[in-house]
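Summary of the model geometry
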Amino acid sequence: MSNKILAMVPAIVLGFGLAIPAIAQETSVPASTSMHQAGENTESAAQNVYRGAVTAVDDTTITTAVKTNLAAAANMRSGQIHVTTTAGVVTLEGRVHDSNVASRAVAIAKDASGVRSVTNELQVDPSVPQS
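Residues numbered from 1 in each chain as written. Predicted model: local features only at pLDDT ≥ 70, side-chain atom pairs only at ≥ 80, totals over all residues. Heavy atoms only, no water.

Focus on the sheet that holds strand β2 (residues 89-96)
Quick reminder of the rule: Paired strands, in this sense, are two strands between which DSSP finds at least two bridges. Elements are defined by DSSP. Helices are runs of H or I of four residues or more, strands are runs of E of two residues or more, and each kind is numbered from the N terminus. Whenever a helix is involved, its axis is fitted only over the stretch in contact; in every case the axis is a line through C-alpha atoms, and angles between N-to-C directions fall within 0 to 180 degrees. Residue contacts are counted whenever heavy atoms from the two residues lie within 4.5 Å of one another.
With mixed pairing, the 3 strands of this open sheet are ordered in space as β1-β2-β3. Of all strands in the sheet, those bounded by a partner on one side alone are β1 (81-86) and β3 (117-124). Across the sheet, the mean angle from the axis of one strand to that of its neighbour is 10 degrees, orientation sign disregarded. Two elements, β2 and β3, share 8 bridges in a ladder whose sense is parallel. Note that in β3 the partner of Val 96 across the bridge is Val 124. Of the strands in this sheet, β1, β2 and β3 are in contact with helix α3 (residues 99-111), which crosses β3 at around 160 degrees.

What follows is the structure, given as structure tokens:
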């Protein structure tokens, strides 16, 4: 068994010796291909910046609409509710008097145009004034 292993060692070493130059050989890329790829990467980056700017404007519009609708709702202390929007996902935070107020706030937020979903992080605290 050890004779077989000893016989294989030179073959393995020779194989690595022949393979290393082939692996190390640098493949050249034509300049036109490299420039084309750079152009595509730049275009992709510009598109991502544009999409990010549009998303930020949309999120600001959604946040404003939700805040306005909460302020207009009867018996809702909207000043206790903080609204943030990220990629169409509205997060409601703060303290409210009871779970009915929290449920109404979530429903109002879901009803705003452009809202993908609502994350309810409102805390119920009976010591918060009702109106």
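A closer look at unusual backbone geometry
Which entries qualify depends on this criterion: Relative accessibility thresholds used throughout: buried, under 20% of the residue-type maximum; exposed, over 50%; partly exposed, between the two (1.4 Å probe, protein chains only).
For Asn 75, which is not glycine, the phi torsion reads 55 degrees and is therefore positive. In this fold, Asn 75 is placed in the loop between α2 (31-72) and β1. The class of Asn 75 is exposed, set by a relative accessible area of 58%. Phi is positive for Ala 87, which is not a glycine, with a value near 55 degrees. Here Ala 87 shows up in the loop between β1 and β2. In this structure Ala 87 comes out as partly exposed when scored by relative accessible area, which is 35%.

Topic: the nonpolar core
For the record, the criterion: Side-chain atoms within 4.5 Å are what join buried Ala, Val, Leu, Ile, Met, Phe, Trp, Tyr and Cys residues into a set we call a nonpolar core.
Val 66, Leu 70, Met 76, Ile 81, Val 90 and Leu 92 are the most contacted members of the largest nonpolar core, which has 20 residues in total. For this core, the leading source of residues is α3, giving 6 residues. Those residues in contact with Ile 81 that lie beyond four places of it in its chain are Leu 70, Met 76, Leu 92, Glu 93, Val 96, Ala 105 and Leu 122.

So, the environment of Asp 125
The following threshold applies: Pairs of N or O atoms are called polar contacts if they sit within 3.5 Å, as long as, within protein, a hydrogen donor faces a hydrogen acceptor (for residues adjacent in sequence, only side-chain-to-side-chain pairs).
In this structure, Asp 125 sits in the segment after β3. What makes Asp 125 buried here is its relative accessible area of 19%. The sequence separation of Asp 125 and Arg 95 amounts to 30 residues, and the corresponding C-alpha distance is 6.1 Å. One polar contact links Asp 125 to Ser 127, side chain to side chain, over a distance of 2.7 Å.

Let's talk about the confidence of the model for the chain
We count it as follows: Note on scores: pLDDT gives the predictor's confidence for each residue, bounded by 0 and 100.
Per-residue confidence for the chain gives a mean pLDDT of 77, with 56% of residues at or over 70. The secondary-structure element of the chain with the lowest mean pLDDT is helix α1 (residues 2-24), recorded at 58, while β3 shows the highest, at 96.

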